[in-house]
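# Examination of the molecular architecture
As a plain string of letters, each chain reads:
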Amino acid sequence: MAGAVLARRAIQAFIVLFLLVTTLFFVSRMSGDPVVMLTEGAIDPEDVEALREAYGFNDPIVVQYVRFLGEIAQGDFGDSVRTFQPARDLVIQRIQVSLQLVIPAKILVIAIALPLGSVAAVKRGAIGAFAMIMAVIFQSVPSFFLGVLYIFLFGVTLGWLPVFGTGGFENYILPVATLMGYPLARYTRLMRAQVSETLTQEFVRTARAKGLAETKVIRKHVMRNSLLPIITVMGVDIGTLVGSAIIVEAVFAWPGFGTLVVEAAKTRDYPVIQAAGFTIGLLVLTGSLVADFAYGLIDPRIRRKS
Amino acid sequence: MANSPIDMVGGAGGGGAAAGAAPEAFQVAAARSRWDRLWNHRMVVGFVRYPPAAFALVIVVFFVSMAMLGPYVITWDPDKPDLRSALQGPDFGIAVNSQHVLGTDSVGRDVFTRILVGGRVSILLGVVGATGAATIGVILGMTAGWNRGLIGAIIMRWADLQIALPLLLMALTIAAVFGPGLHILLILFAVWFWGPYARISEGLTLSVKNREFVEAARTIGAAPPRIVARHVFPHLISPLLVLWSFSAAILIIIEASLSFLGVGIPPPTASWGSMLSEGRQFLHRASWLAIYPGLAISLTVWSINTLGDRLRDVVDRRQYL
C-alpha cells in the first residue's frame, strides 16, 4: 500500500518534470529567433539562414518541441554556445565543484542547528536566547551581504583567510560559512518549534510519568518525533541549497555550478541554462521523493496507515 | 461579537467535516467576525506594544514614505556622477542636506540618496510582486480546492513546478532571454511565486467547503463564485496576510541578489544589490560603499519578518480567545 502512494508521488514528480522541460523550451523561444539572439546580427544574412536551417529553427514549433523532448530523453541538451562542450557535461562537472561547498555546509548545519534548536526549546535560558538571536540575524542578512561582511572582516581587516577562488582548506572556510547562514537560522527555528510542540504531547507526559530519565525522554521520545517534519523540509531544500550556492559562488569567485549559470545567463547560452534548470528540477524532485520514502521508513505509523 | 446568523451556523459546525487539513485555529470562527477581529483596535495596540515590532514598523514606514516622497526629499541627484567628490567618507556631523552623510561612491554619487532611491525599487518590487503573486495564487488555489478534478490537479502541479525551478534560477533564465529589467522582474515575481499562496488557499478551501454555512449558502441558491468569494475567502485572509509579509521579504532579497549578480535592475538606476556589488571592489579603502546598502537590505528584511512574526502571533492568539 505504501508502494502505491509512492508510485503516485513518482508519477506526479514525472509530470512536474515534463512541465519543467516544456517551460524551458517555450521560455527560450519566447523572445523570437534564437539565431538572431545568438549572433546579435553580427554575421551575414545567408550564414544566419544556414545556421537556422542547421539548428532546425525553420521547422514548425511543434516539430522543434517534439525533437527537443526526444533529445532531452537521451540526455542531450546541445552544445554550449560559448565553449562548444556538451551542456550536460559542463553542468555535471560544475555541480561537483559546487557540491564541495554544499555538502560540508549541509552536514555542519544539521550538526549545529538540530541540537541547538532542541536545547533552545527544552531549556529557555542563555543558550535559547543566543540561538534565537543568531537565528534572527542569519535570517535577515542576505547571503551576499554575509559573504561580503566575512570578506571585510576576515580577509581585508584581519587578513586571516583567502577571499576568493579554490585552493587549500582555508579557501573553503568563508564560502561554507556563508552558505550555512540562512539554513542555520531556518533549521534552528524549525527544530525549536517542533520540539516545543512535541513536548506538549501526551506520550511525553506518559514517558515522564512512568519515571524515565529526562535525557531519555528527550532523546527517545521528543527528538525522534520532532525530526520527522524536518526531514520533509530537507528533501525539498536540496535544490534550494544548490540555488543559494549561485550567489555565494559569485561572492567568492568559486568556479562551480552557480558561476556557470550566471555566465550562461549573461551570454545567452541557452543549452547550458536549459541543462542547468533541468538538473536543479531533477534534484529537487528526487530530493522530495527520497524524503517521502525516508519518512515512511522512519515512522512506522505512516507505513501502516498507508 | 459572533452573533450574525452566519457565525452561528459556522460556529455550530465546529469543523467536524473538515478533512483535518486546516489548523484548529481556522475552524473556530466564521466570516463577519474575522474582519472585526483583524481591525480591532486592541489588536493594533497589542501589535505595536512589543518593542521590536514597533521599531520594525518605524523602519518600514521610513523606507515606504521615502519611497513615495523620494523626489521631494532628496537633494542630490542619485544617478549623476560628480567625479570631484568621489569616494568621500561618511560625515555624520553636519546637517543632512549640506554634506554626504553616508559618503560618496567611486563616481561621486551620494550613497544615502542612492540607498533611499534603491529602497524605492526594492519595496515596489517586494510589495507589488507579492500582491500580484497573492492574487494569482488565491484565485488558482481556491479554484483547485473547490474543483478537485483535473483542473485542480493541473493547477497544483504548476505550483509544484515553481519549487522544482526556484525563482532565482527562473529569473536567470528570463534574464538570458529578455535581458535585465524592472518590468520583466515584476511580471516574473507574480507569475513564478504564486505557488505558496495556491497551496494555502487550496488547503483551507478544502477544509471549509463542506461546512454547514457553505451548504446553507448553496441551498439558498448562491452561485459558486459568490460562495467562494463571500463565505470561503474570508477564512483565508489572516494566513494570507502573514504569508504576504514573508514573501515580500523574500522578493526583496531576490531582487537584491539578481542586481548583485548583474542581471536585475540595469544601471545606472540605484539598487541595493548592485550598490553592494560595486562596493565590493572598494572594501579595503571605502568599506561604507558595501556596508550601508547591505545594512539597508538587512534592516528592511528583518523589519518585514518581525512584523510578519508578530502578525502571526497576534492573529493566532485572537483566534483562540
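Conventions adopted
Residues numbered from 1 in each chain as written. Chains lettered and ligands numbered in written order. Predicted model: local features only at pLDDT ≥ 70, side-chain atom pairs only at ≥ 80, totals over all residues. Heavy atoms only, no water. Contact = heavy atoms within 4.5 Å. Buried area = accessible area lost by both parts, 1.4 Å probe. Salt bridge = Lys/Arg side-chain N within 4 Å of Asp/Glu carboxyl O. Polar contact = N/O pair within 3.5 Å; in protein donor to acceptor, adjacent residues only side chain to side chain. Helix = DSSP H or I, 4+ residues; strand = E, 2+ residues; numbered from the N terminus. Nonpolar A, V, L, I, M, F, W, Y, C, P; charged D, E, K, R; others polar. Expected span 1.5 Å × (residues − 1). Buried < 20%, exposed > 50% of the residue type's maximum accessible area, 1.4 Å probe, protein only. Patch = residues over 30% accessible without salt bridge, like charges linked within 9 Å, V, L, I, M, F, W, Y side chains within 5 Å. Areas by Shrake-Rupley, 256 points an atom, 1.4 Å probe, with all protein chains shown as cover. Lys, Arg positive; Asp, Glu negative; His and termini not counted. Charge placed at Lys NZ, Arg CZ, Asp CG, Glu CD. Phe/Tyr/Trp six-rings, centres within 6.5 Å; stacked < 30°, edge-to-face > 60°. pLDDT = per-residue confidence, 0-100.

## Side note on the interface of chain B and chain A
Facing the 43 residues of chain B at the interface are 44 residues of chain A. Around 3,600 Å² of area is buried between chain B and chain A when both sides are counted, 80% of it from carbon and sulfur atoms. Across the chain B-chain A interface, the total number found is 1 salt bridge. Residue Arg189 of chain A pairs with Asp309 of chain B through a salt bridge whose shortest N-O separation is 3.3 Å. The interface formed by chain B and chain A contains 3 residue pairs in polar contact (both at pLDDT 80 or more). When residues of the side of chain B that touches chain A are assigned to their parent elements, the largest contribution, 11 residues, is made by helix H14 (residues 288-320) of chain B. Class assignment of the residues belonging to the side of chain B that touches chain A gives a composition of 29 nonpolar, 9 polar and 5 charged.

## Looking at helix H12 (residues 237-261) of chain B
All names here are of chain B. End to end, H12 covers 36 Å across 25 residues, agreeing with the expected 36 Å (1.5 Å per residue, within 8%). Counting buried positions over the 25 residues of H12 gives 21, a clear majority of the element. Immediately downstream of H12, the backbone of Gly262 shows phi near 90 degrees, a positive value.

## Remarks on a positive patch on the surface
A surface patch of positive charge is lined by Lys210, Lys216, Arg219, Lys220 and Arg224 of chain A. Residue placement: Lys216 of chain A occurs in helix H10 (residues 214-252).

## Quick notes on the packing of aromatic side chains
To describe a pair of aromatic rings, you give the distance between the ring centres and the angle between the ring planes. A complete count under the given rule lists 11 aromatic pairs over all chains for this structure. Between Phe62 of chain B and Phe63 of chain B, the ring centres sit 5.3 Å apart and the planes meet at 65 degrees, which makes this aromatic pair edge-to-face. Phe63 of chain B gets classed as buried once you look at its relative accessible area, which sits at 8%. Taking the centre distance of 5.3 Å and the plane angle of 70 degrees together, the rings of Phe63 of chain B and Trp272 of chain B count as edge-to-face. In this pair, Phe63 of chain B is assigned in helix H4 (residues 51-73) and Trp272 of chain B in helix H13 (residues 272-279), connecting sequence segments 209 residues apart. Among the aromatic residues, ring-to-ring pairing joins Phe25, Phe26, Tyr65 and Phe68 of chain A into one connected group.

## As for the side chain of Ser245 of chain B
All names here are of chain B. By the secondary structure assignment, Ser245 is in helix H12. The class of Ser245 is buried, set by a relative accessible area of 8%. For Ser245, the side chain forms a polar contact with the main-chain oxygen of Val242, separated by 2.9 Å. When residues no more than four places from it in sequence are discounted, the contact partners of Ser245 are Ile304 and Gly308.

## Some thoughts on the confidence of the model for chain B
Residue and element names in this part refer to chain B. In the predicted model, chain B carries a mean pLDDT of 76, and 72% of its residues have values of at least 70. Note that pLDDT drops below 50 for residues 1-32; the model gives that stretch 50 contacts with residues more than four away or on any other chain. The ipTM, which scores confidence in the relative placement of chains, is 0.84 for this predicted complex, and the corresponding pTM is 0.82.

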